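Fold and contact review
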Protein chains: 2
Amino acid sequence: MKPTVVFWYEFASTYSYLTVMRIDDEASRAGVEIEWRPFLLGPIFMSQGWTTSPFNVYPAKGRYMVRDIVRIAAERGLPFTMPETFPINGLKAARLAIAADRVGAQGAFSRAVFNAQFTRGLDASDDGVLTTCLTSCGLDADAMWARSNEDDVKAALRRNTEQAQANGLFGAPSFTTEDGELFWGDDRLDQALRWAIMEKNSAVASKA
Amino acid sequence: MKPTVVFWYEFASTYSYLTVMRIDDEASRAGVEIEWRPFLLGPIFMSQGWTTSPFNVYPAKGRYMVRDIVRIAAERGLPFTMPETFPINGLKAARLAIAADRVGAQGAFSRAVFNAQFTRGLDASDDGVLTTCLTSCGLDADAMWARSNEDDVKAALRRNTEQAQANGLFGAPSFTTEDGELFWGDDRLDQALRWAIMEKNSAVASKA
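Thresholds, definitions, all that
Residues numbered from 1 in each chain as written. Chains lettered and ligands numbered in written order. Predicted model: local features only at pLDDT ≥ 70, side-chain atom pairs only at ≥ 80, totals over all residues. Helix = DSSP H or I, 4+ residues; strand = E, 2+ residues; numbered from the N terminus. Buried ≥ 20, exposed ≤ 12 C-beta atoms within 10 Å, placed from the backbone. Contact = placed C-beta atoms within 7 Å. Nonpolar A, V, L, I, M, F, W, Y, C, P; charged D, E, K, R; others polar. Pairing = 2+ DSSP bridges. Axes fitted to C-alpha atoms, helices over the stretch in contact; angles between N-to-C directions. Least-squares fit on C-alpha atoms with pLDDT ≥ 70 in both. Arc of directions from axis to C-beta. Parallel < 35°, antiparallel > 145°, perpendicular 65-115°, else oblique.

1. Observations concerning the overall build of chain A
Regarding its fold elements, chain A presents 11 helices and 4 strands. Here chain A holds 208 residues, and 40% of them are scored as buried. A fraction of 71% describes how many contacts in chain A between residues 6 or more apart in sequence connect residues 24 or more apart.

Next comes the structure, spelled out in structure tokens:
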């Protein structure tokens, strides 16, 4: 059985975009299973006294972040546009992603949303933009919107966010391994995958 | 002529330790000249409303940072001990580093201080610890202490810190290239070195 890494992402997060666009390839190369888990950073930031993204709270950090993403995207041949509205409220996108997961389309839908937002600069909290993302993945938009408003989907997102905070997450993207290690940032993806494989091997060895 | 990268470091910074222990090797492999430039993060944090390290202001981030460093240090075969006092006031160490630069020993002295602090867990704001670091590099401790209290040394450190802030620095380690690009974090060292080489090559090409 392949080791599993949980991929914690937030739809408003620029660095999550970098990871969303490569995690499936990297994980399959490494032989690791990825469990996509959307959550909301808003409540976590609020509990640290921030009412918006730290990139807005600390402008020098915000300016740097944009330049950092531009350079990394260029190295990877990835388009990048900073959307006018930042950060968006990722609530609807996250609920739709959970609804899409029930039909096996969470990754495809999430990629479509990140693409709309950070390739074309669209507002991914907008219903029309999200509907286009749903249909572009071949999903039944009306059914998905209805599903996303059901109580169990709402509860699942709340649980993801509570679990994120309980696991010590404070930013996105983050990765957790089966033995509870936390890795933060697109630049820790490779290390998280290596860790998951190492951990699996040593678990197997200790049983042998 | 080799391209130059300015290496901005703060003696209290755990991630600066990671870079201090490898930057000379990495840079010489890449064919890049490094200019070591100590500065103080305290005044920069103060202007963001923090009276201590963000790792103390945000405990989840602080706990993560220690675990992150432990894992990276282990991968690199580097010892790591989190000192009891964190962050230290790096003022004396930074002035001594500038004084040591006048006799070509800035790198050696800085490595000794980071080693004392993060390998042995000592308090690198302590005069006795710093004196031992000076003598371990073959420096005349009394002369260095006297030199470190002269006005031009004090002014040089103030200038470094002002320049850091003017350049948009908000953390350490940071790297700047001759064309003014800013890179933040030990995990951006390789990218900064690549950038410096690319930039130099394109400057040469545009003159040819």
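2. A short note on the interface of chain A and chain B
Listed per partner, the contact involves 11 residues of chain A and 11 residues of chain B. Secondary structure elements with two or more residues in the side of chain A that touches chain B: helix H5 (59–75) and strand S4 (182–184) of chain A. Looking at the side of chain A that touches chain B element by element, the count peaks at 4 residues for H5 of chain A. Looking at side-chain class alone, the side of chain A that touches chain B contains 6 nonpolar, 2 polar and 3 charged residues.

3. Details of the environment of Tyr9 of chain B
Residue and element names in this part refer to chain B. The residue Tyr9 is located in strand S1 (residues 4–9) in this model. Along the backbone, Tyr9 and Ser47 are 38 residues apart, and their C-alpha atoms lie at a distance of 18 Å. Filtering out sequence-adjacent residues up to four positions away, Tyr9 remains in contact with Ser16, Thr19, Val20, Pro38, Ala172 and Pro173.

4. Description of the sheet that holds strand S3 (residues 174–177) of chain A
Residues and elements named next belong to chain A. The strand order across the open sheet formed by 4 strands is S2-S1-S3-S4, and the pairing between neighbours is mixed. Lying at the two open borders of the sheet, with one neighbouring strand each, are strand S2 (33–38) and S4. Averaged over all pairs of adjacent strands, the angle between strand axes in this sheet comes to 25°, irrespective of strand direction. As paired strands, strand S1 (residues 4–9) and S2 are joined by 6 bridges and run parallel to one another. Paired with Thr4 across the strands is Glu33, a residue of S2.

5. Quick notes on the relation of the copies chain A and chain B
The transformation that overlays chain A on chain B combines an axial shift of 0.0 Å with a rotation of 180°, and the residual RMSD is 0.0 Å. Those values place the two copies in the arrangement expected of a two-fold rotation axis. Considering only C-alpha atoms, the residue of chain A closest to the rotation axis is Asp187 of chain A, which sits at 3.7 Å. Taken as a fraction of all interface residues of chain A, those also at the interface in chain B reach 100%, which identifies the copy contact as same-surface.

6. Quick look at the sheet that holds strand S4 (residues 182–184) of chain B
All names here are of chain B. Taken in spatial order, the 4 strands of this open sheet run S2-S1-S3-S4, and their pairing is mixed. A single partner strand is all that each edge strand has here, and the edge strands are strand S2 (33–38) and S4. Between one strand axis and the next, the sheet turns through 25° on average, direction left out of account. Pairing geometry for strand S3 (residues 174–177) and S4, over 3 bridges, is antiparallel. Looking at the pairing, Thr176 lines up with Leu182 of S4.

7. Some remarks on the environment of Ala155 of chain B
Residues and elements named next belong to chain B. Looking at where Ala155 falls in the secondary structure, it is placed in helix H10 (residues 151–166). A count of 11 C-beta atoms within 10 Å places Ala155 in the exposed class. Taking C-alpha positions, Ala155 is 13 Å from Arg37, a pair spaced 118 residues apart along the chain.

8. Some points on helix H8 (residues 127–136) of chain B
Residues and elements named next belong to chain B. Buried within H8 are the following residues: Leu130, Cys133 and Leu134. All buried residues of H8 lie within an arc of 100° about the axis, which places them on one face of the element. Close packing links the buried residues of H8 with helix H6 (91–101), helix H7 (106–118) and helix H9 (141–148). Gly138 sits one or two residues past H8 and shows a positive phi near 75°.

9. Here's the deal with the packing of helix H6 (residues 91–101) of chain A against helix H7 (residues 106–118) of chain A
When two helices pack together, their arrangement is given by the angle between the helix axes and by the axis-to-axis distance. Residues and elements named next belong to chain A. The interhelical angle for the contact between H6 and H7, taken along N-to-C directions, is 155°, at an axis separation of 8 Å. By the criterion of interaxial angle, the relationship of H6 to H7 is roughly antiparallel. The segment H6 lies against H7, with Ala93, Leu96, Ala97, Ala100 and Asp101 engaging Gln106, Phe109, Ser110 and Val113. Tallied by class, residues from the contact of H6 with H7 come to 6 nonpolar, 2 polar and 1 charged.

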